[in-house]
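# Survey of secondary and tertiary structure
Spelled out, the chains give:
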Amino acid sequence: MDRAPLDIAVGVLVDDHDRLLIARRRADTPGAGYWEFPGGKREPGESVAACLSRELAEEIGVTDLTSRSLIRFSHDRGPRPVRLHVARIDNWTGEPAGQEGQQVRWCAQNDLSDVELLPATNVILAALNLPPLYIITPSIGRGRSARQSWFDALDRALRAHVGDGTKAFVRLRQPGLDDDDYADLAKRVLEHARRQQARVLLDRSVALVERLSADGLHCSTRRAQRMDKRPIADNYWFGVSTHSADELTHAAAINADFATLSPVAATETHSEARPLGWPGFEDARGEAALPVYALGGMRPDDLGAARDHYAQGVAGIRGFWPGS
Ligand SMILES: Nc1nc2c([nH]c(=O)n2[C@@H]2O[C@H](COP(=O)(O)OP(=O)(O)OP(=O)(O)O)[C@@H](O)[C@H]2O)c(=O)[nH]1
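Just so we're clear, the structure is a prediction, and the values are computed from it rather than from any experiment. (Residues numbered from 1 in each chain as written. Predicted model: local features only at pLDDT ≥ 70, side-chain atom pairs only at ≥ 80, totals over all residues. Heavy atoms only, no water.)

## Observations regarding the site of the ligand
Close to the ligand lie 16 residues; Arg25, Phe37, Lys41, Glu59 and His75 are nearest. One of the backbone nitrogen or oxygen atoms of phenylalanine 37 is found 2.7 Å away from a nitrogen atom of the ligand. At 3.1 Å, a side-chain N or O of glutamate 59 approaches an oxygen atom of the ligand. Across the complex, the protein chains shield 78% of the 650 Å² of accessible surface that the ligand would expose by itself. Using a 2 Å cut-off from the grid points, one finds that the ligand occupies the second largest pocket. (Near = heavy atom within 4 Å. Polar contact = N/O pair within 3.5 Å; in protein donor to acceptor, adjacent residues only side chain to side chain. Areas by Shrake-Rupley, 256 points an atom, 1.4 Å probe, with all protein chains shown as cover. 1 Å grid on protein atoms, 1.4 Å probe; cavity = no way out; pocket = protein on both sides within 12 Å on 5 of 7 lines; lining within 4 Å. Sits in = over half its atoms within 2 Å of the grid points.)

Below you can see the structure in the form of structure tokens.
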């Protein structure tokens, strides 16, 4: 039997209330009864964009799509391996309605947990909700004025990097602090972040994330390699640092919501590591089933290039921190 993945174009329609359009698979199809985002198989010689337009016209009767690519990934959790090319669609013509007798409905994201979704839909939702920029904090100084200017820079970074209607995401990275100092700092960082509606991921214990009601956990490669499952509940974000295709595969296997992949370019923080370059990034990123941030020598204006190479966005320390 042919196990080459089928190319599938998938469209996530988002309405003015941030609800998503879902469709129910018909009784005569594999995965019958499950809800999915509309889409279907690419025909020979067809482009992904043409496939998306055709499928959405055939299935839900909408045309003139304004779409933006969200993520491309493969999975083998259904009847046969598929490579999903997922786009977010904010504008279209026509009132979406099931053209093939299937049920179609708008659903708020908070209500999706009550719906039986196809496997791997969580990957699409992560790509939809994660921002384009992921800020990693530089080390905080010891003196009072160094601390004050670090917090000033944090506030400015949070304000500057809210993008695409998504919240800023910050990883509180402070390898020089002991656990108590880190916890004290995290508490204050969370207060600042809440004012800007930003999200903060901590990289120490799961217990600390829970105790402070932080937004999630970020794990180093080494820590993630020791895990055989996700260490934290699904209502927290869980990110993993990676440097290769194998590490990304492992991150997806333990159900990380996203990964960083580095170094794309040379960086001062890790000057010994050999840069991947964009072709190396795209090659290693491959079709792993999770959103991946390009990290290493990145600045916010590398976002376009990153997206061209199938990244969720760009992550960084220096390029994202005012005055560094
Ligand atoms: N449309 C859609 N398909 C998905 C999603 N996630 C996912 O794994 N798939 C898989 O992608 C494949 C889509 O194939 P399909 O049978 O719907 O394609 P189609 O509309 O061309 O079907 P047809 O052959 O009946 O005309 C299925 O194996 C389905 O399980 C998703 O979110 N939306």
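## Description of the packing of aromatic side chains
Applying the stated criterion to the full structure yields 8 aromatic pairs. Ring geometry for tryptophan 150 and tryptophan 321: centres 5.3 Å apart, planes at 45°, overall tilted. One end of the pair, tryptophan 150, is in helix α3 (residues 144-160); the other, tryptophan 321, is in the segment after β15 (313-316), and 171 residues separate them in sequence. With a centroid separation of 5.5 Å and 80° between ring planes, the pair formed by tryptophan 278 and phenylalanine 281 is classed as edge-to-face. Taken as a pair, tryptophan 278 and phenylalanine 281 lie in helix α8 (residues 277-285) at a separation of 3 residues, close to a single helical turn. (Phe/Tyr/Trp six-rings, centres within 6.5 Å; stacked < 30°, edge-to-face > 60°. Helix = DSSP H or I, 4+ residues; strand = E, 2+ residues; numbered from the N terminus.)

## A look at unusual backbone geometry
Most peptide bonds adopt trans geometry, and most residues besides glycine take a negative phi value. At the junction of serine 262 and proline 263, the peptide bond is cis and its omega measures out at -5° in the coordinates. Within the fold, proline 263 resides in the loop between β13 (258-261) and α8. Even without a glycine there, the phi angle at serine 213 is positive, about 50°. Structurally, serine 213 is set in the loop between α5 (206-211) and β11 (216-219). Given the relative accessible area of 44%, serine 213 is considered partly exposed. The backbone phi angle of asparagine 255 is positive, close to 65°, even though this residue is not glycine. (Buried < 20%, exposed > 50% of the residue type's maximum accessible area, 1.4 Å probe, protein only.)

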